[in-house]
Amino acid sequence: MTSNQEPTKGQKPQIVDRVVIRFAGDSGDGIQISGNQFTMTSALAGNDLATLPDFPAEIRAPLGTRAGVSGFQIQFSSKDIHTPGDEPDVLVAMNPAALVVNLKSVKRGGILVLNTGNFKELDLKKAKLETNPLDDGSLEGYRVIPVDVNARVKEALADSPLSAKGKERCKNFYTLGLMYWLYSRPLEPTLDWLADKFKKNPDLVEANQTALRAGYNAGDIHEIFNGQYEVPKTSSLPPGTYRNVVGNHAVAMGLVAGARLAGLKLVLGSYPITPASTVLELLANYKEHGITTIQAEDEIAAICAAIGAAYGGALGVTATSGPGMALKTEAIGLAVAVELPLVVLNVQRAGPSTGLPTKVEQSDLFQAVWGRNGDTPVPVVAIASASDAFEVTVEACRLAVQYMTPVILLSDNFIANGAQPWLLPDMDSLPKFPVNFKTTPDDRDIYSRDENGARPWIIPGTPELMYRIGGLERDQKGNVSGDPENHQAMSHARDEKIRGIAKKLPTPEVQGEQQGDLLMLGWGSTIGSLTRCYEKATEKGHKVGRIHLRHIWPMAPGLDEIFARYKTILVPELNMGQLVVLLRSEYPQHKFVSLTKVSGQPFLTSEIDAEVDRLLA
Amino acid sequence: MTTTDKPKLTRKDFQSDQDIRWCPGCGDYAILATVQKYLASIEADPANTVVVSGIGCSSRFPYYMNTYGFHTIHGRAPAVAMGLKVANPDLDIWLVTGDGDSMSIGGNHLIHVLRRNLNITILMFNNEIYGLTKGQYSPTSPLGTRKKTTPMGSVDRPFNPLQLALGSQATFVARTVDSDPKHMAKVIAAAHKHKGTSFVEILQNCVIFNKDFYSDSMDRSVRADRTVDLWPGEPMVYGKERDKGLKLNGFEIEGCSASDADVWNPSTRSSAPGVLLSGITDIDGMPMPMGIFRDVEALVYDEAVAAQVNASIPESGPPPLKDLVWGGETWEV
C-alpha cells in the first residue's frame, strides 16, 4: 500500500494503488483456493495483479507444523505491476506456524489477521513456540486483528447439516469474506464459483457461501477493521480483452494452438512430475481439440512416445521438470540425430536431484543448452511469465517443425503456478506455419536440406518413399555410414541448422536508455522483478536500460552491438550463474556482472535494487 | 493373370539395398528371410509397414527391410512404437528386439507395452548373450554362465521371457527357433494375425559368442524328441514316433503316453497353463515347449485411445481455437 494511514470509520473506502496480501495456513486449509478466488475477483475488478503460490512438497504435512505451511501471495494494483510484491501489507494466518513462518516478510506496520481459535497451547507446541505471540510482545509494530474464525464459522453454520469437520472446512471462505470487505470486493464471483464447484452438493454450496457472507458481514458490522480500502481499476494496462491465467494453463493452450497453426495432430507423452503435471492433466481434457495424451510408464517412455508420434507425422510433445529432463537426455539426442520435430517442456524447479520440487529456480539452463552426449545442438526458448507463455509455446512449436528439430521450452515453478491478467491475442492474426509432408518421390535425399537446413518430413504410409532412420550416423540418403568425412559434414550441417535459426530472429528491444552505464539483462521469470527494478532505478534518475532474452540458444542477432553500448551488463538469475557463462563465452569482450539467488524463492526487487545501486555508485 | 493384375509380391520387394552386416551364419538371416517371405505372402504394403527396433545385433533389422524403419535407442523401441501407433493407427508395426534390449535395459517398456496391449508384433531374438558388445552374459543366460564379465560363472538367475510376458498380461505369447523356418513362419503368421501385442521369443544362434547354446534341444537329430509344439486344438504330443505326450495333473505338467495327452488351449481364462508349460524346460526329461503359449483378446490400447479422442471431437470438427483461449472469465480494459 502506498499509504500506511488507516482508513477512517464510517467514511468512504480509502483509495490505495497497490496491496500485497498473503494467505497462510495448513496445506489442507484451502489456502490456495482462497488465493485463487481473491485473484479471480481482483482480475474481474480490473486490477493488474501477480501471484506467488508457495506450498510444501508434502500433500498434507502434519497439521499445525511449520513444515506444513502453505502460502499464497497476491499483489493487486490500479497501476502496472510486475511482481507478487516484496512485503505483504496483510498476512492472514490460520495458525501460529503460518504466523511465524511468514512474519519476517510482512511489512512493518502491516495488518496481521490471526485466527485466534488456533492459538491454543497445543497449536503453539506444534509450531514449536514457547510463548504465545498474541501476548508475548513479538507482534509489536503490527496491527493485529484477532478473530476466532473457528468459533465465528461454527456460529454462522449452526443450522447447516454439515458435520463439525465439514463446517470447519468452510473457514477459509470466512477469512476470504473478511478480506473482500476490507478491500471492497464484490462477493458474486466467488458465490457463483461455489455454486458451480459444488453443484452436486447444495449443502456445501450453502455452507461455504454462508461462511463467505459471514466473514464479509463481520468486517462490516463488527467493525473489526477501522474502515475499508479500495484499489481502483487499473488504467495502465493496454486496452483489450483479458483473462486470468497461470503459466501451465497458457502453455497447454499454446500447444493446442501450435499444433493447429502447423496443421498437425498433437500427441503429448508425459509422466507426472511436479510442477509440470498440470500440463498433462489439462491436455488430457482437450480431447475435443483432437489432442492425444499418453501417460507413459516413465520419463524416457514419455519422450520416446513423442518421438514415435513425430515420426508418424504428429506434433510430438513431452512435458517434465529437471529430474525428468535428465532421463530424457538420450532421447533428445535421438531426435537431433534423426531430425524430427519435438517440443520438450521443462518446468524448472530447484535442484539438484529431487531438490525442492515446489520451489522456483532457473538452474536447468546448462542442461538445456549443453546437456547431451556428442555435439547435439538444440534450440532453447524461455517463457517469461504466465501472460507470455502462450506466445513462446507457439514459437517453440514453430521452430520445431520449421527446422525439424527438438526444441527445449523452459518455464519454471513460479510461472507455472503464478497468475497474471493476460491480454488475449487476436486468434485470426496468429501466423500459421503449415507443415508440408513430402509425399512424392523426387531426386532429393532424405537428408537433403531446405533453406532452413531442415530435411523433408516423410511419414510412414507414404507410397514409394520408404526410408530408414536411426541413431547411428547416416549419410545423405539415410543409410548407416561410418565414413569420417560424412560425420564431419553431418555434424556441421546439424550445427549450422540450429545456429541459422538466429538469422531470422528479431533483435530484442531495449527498454529505457539505449546506451549508458548499466544494462539489466534477464531471462525467464525474473522479468517482473527486473522490470520493477528498472522502473525504480529510472525514477531515481539512473541511466539504465533493460533487455530480456526469449531465445536462449541460439541467441538473437544484434546483441553484441547492444552490449557494446553499456559499461556494465547486470545478469540476475535464479541459479549460480548460468546464462552469464553462456554470455561470457559468446560475447567475451563485454563486462557481465552476475547476481544470483538460489533459495527457491523469486528475487525480491530490493535485492536487485541493492546491486543496481552498488554498480552505479 | 490379366495385365491389370498387380504382380505378386516376392521376398525381394521387402529387401532394402543395404549390405547385411550380420556375421556369416548368424541366425538373424533366417529370421529376416522368414519375415520378408511372410510379408510377401500376405501381399503386405511395404509403405504401410514399419519396423521399429532398439539397440543390439537384432535391432539392425530395419535397415535391411524395404519398408519404413526406425532404429531407436537401447530398450526404448516399445515406447517409440507406442507413439507411432497412436499417431498413425493404420500402420502395421513390427518391433524387433533382443534379450538384452528388451529383458534388461528396456524391461520397463516391454512390460508396459504388453499390459497396454498395443496392436503390434514383437519379435524378441533370444541368443542368451550380448553379441554387439562382444560376449557378455545376458539376463536370459543360464545360472553359472561363464563369459567375459562372469569368469566364475553368473550368479543372477535368468528371466524366463515367456513367463515375464505372461506375467505382464500379454495377450499373445509364442516361442520359435531360427533353425526351423517352417515353424518360425507359422508362429510369425499367427502372431501377426493376433490383434493386440504379440510377443514372440525366437531362439537365435549367436555363432560367435554363444554358438549352438540351444543344441541340446534344437539339433535336428534330437528336436523331435526334445521339443513339443504347443498348437491350439492339438494334443500335446511329441517324439519321433509321436508317442509321447504331456498332460496337466493338478498344478504340475506331467509326461504321459500320446493317447493320454491333453489338448492344448492357449485361450483359457487364466494364463497359468502357459506359465506351467513354459517352466518345464529346466526339468530333466521334459521337452522344450515351442509354439503358442497364450492367445486371448483384450482391450487394444491404440484403438481405445483413438476412440476416446474421436468420440470427443464434435461432428463439425474441433472447436475454434478462440473458444479455448478466450474461454473462461474475461474482462475488458
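This structure is a prediction, so every number in the text was calculated from the model and none was measured. (Residues numbered from 1 in each chain as written. Chains lettered and ligands numbered in written order. Predicted model: local features only at pLDDT ≥ 70, side-chain atom pairs only at ≥ 80, totals over all residues.)

To continue, consider the domain arrangement of chain B. All names here are of chain B. Here chain B is partitioned into domain 1 (11-213 + 300-312) and domain 2 (226-286). Placing a centre on the C-alpha atoms of domain 1 and another on those of domain 2 gives a separation of 26 Å. Residue-level contacts link 5 residues of domain 1 with 5 residues of domain 2. Tallying contributions element by element places helix H5 (residues 161-167) first for the side of domain 1 that touches domain 2, with 3 residues. (Domains from an automatic or database assignment. Contact = placed C-beta atoms within 7 Å. Helix = DSSP H or I, 4+ residues; strand = E, 2+ residues; numbered from the N terminus.)

The next thing to look at is the environment of Ser363 of chain A. Residue and element names in this part refer to chain A. Topologically, Ser363 is positioned in the loop between strand S13 (342-348) and helix H13 (365-370). Overall, the presence of 23 C-beta atoms within 10 Å leaves Ser363 in the buried class. Distance in space between the C-alpha atoms of Ser363 and Gln348 is 7.4 Å, their sequence separation being 15 residues. (Buried ≥ 20, exposed ≤ 12 C-beta atoms within 10 Å, placed from the backbone.)

Right, let's get into helix H4 (residues 149-156) of chain A. Working note: α-helix, 3.6 residues per turn, so residues spaced by three or four point in the same direction. Residue and element names in this part refer to chain A. The set of residues buried in H4 consists of Val149, Arg152, Val153 and Ala156. Summarising the axial view, the buried residues of H4 lie within an arc of 95 degrees, below the 170-degree limit, and thus occupy one face. Counted as exposed and oriented over 90 degrees from the buried face of H4: Ala151 and Glu155. Considering only its buried residues, H4 is in contact with strand S6 (111-115), strand S7 (143-147), helix H5 (164-168), helix H6 (171-182) and helix H8 (202-221). (Arc of directions from axis to C-beta.)

The next thing to look at is the sheet that holds strand S19 (residues 516-523) of chain A. Residue and element names in this part refer to chain A. The strand order across the open sheet formed by 5 strands is S18-S20-S19-S22-S23, and the pairing between neighbours is mixed. At either margin of the open sheet sits one strand with a lone partner, and together these are strand S18 (511-512) and strand S23 (592-596). Inspection of the sheet shows S19 paired to strand S22 (residues 566-573) by 4 bridges, in the parallel sense. Bridge pairing in S22 links Leu518 to Thr568. Packing of helix H17 (residues 527-539) onto the sheet brings it into contact with S18, S19, strand S20 (544-549) and S22, and relative to S20 it is tilted by some 170 degrees. (Pairing = 2+ DSSP bridges. Axes fitted to C-alpha atoms, helices over the stretch in contact; angles between N-to-C directions.)

Once that is clear, we can look at the domain arrangement of chain A. Residue and element names in this part refer to chain A. Assigned domains of chain A: these are domain 1 (14-230), domain 2 (243-429) and domain 3 (511-616). For domain 2 versus domain 3, the distance between C-alpha centres works out to 26 Å. Contact residues are listed per partner, giving 22 residues for domain 2 and 21 residues for domain 3. At the level of secondary structure, the elements contributing two or more residues to the side of domain 2 that touches domain 3 comprise H13, strand S14 (380-382), strand S15 (406-412) and helix H15 (413-417). Considering only residue class, the side of domain 2 that touches domain 3 consists of 16 nonpolar, 3 polar and 3 charged. (Nonpolar A, V, L, I, M, F, W, Y, C, P; charged D, E, K, R; others polar.)

Moving on to the interface of chain A and chain B. Often, the extent of an interface is quoted as the loss of accessible area upon association of its parts. Residue-level contacts link 60 residues of chain A with 49 residues of chain B. Taken together, the elements giving at least two residues each to the side of chain A that touches chain B come down to helix H1 (31-44), strand S9 (241-246), helix H9 (247-262), strand S10 (266-270), strand S11 (291-295), helix H11 (299-311), helix H12 (322-338) and strand S17 (468-470) of chain A. Residues of the side of chain A that touches chain B, tallied by class, amount to 33 nonpolar, 17 polar and 10 charged. Note: S9 of chain A against strand S14 (residues 330-332) of chain B, 3 bridges, orientation antiparallel. Counterpart to Tyr242 of chain A in the pairing with S14 of chain B is Trp331 of chain B.

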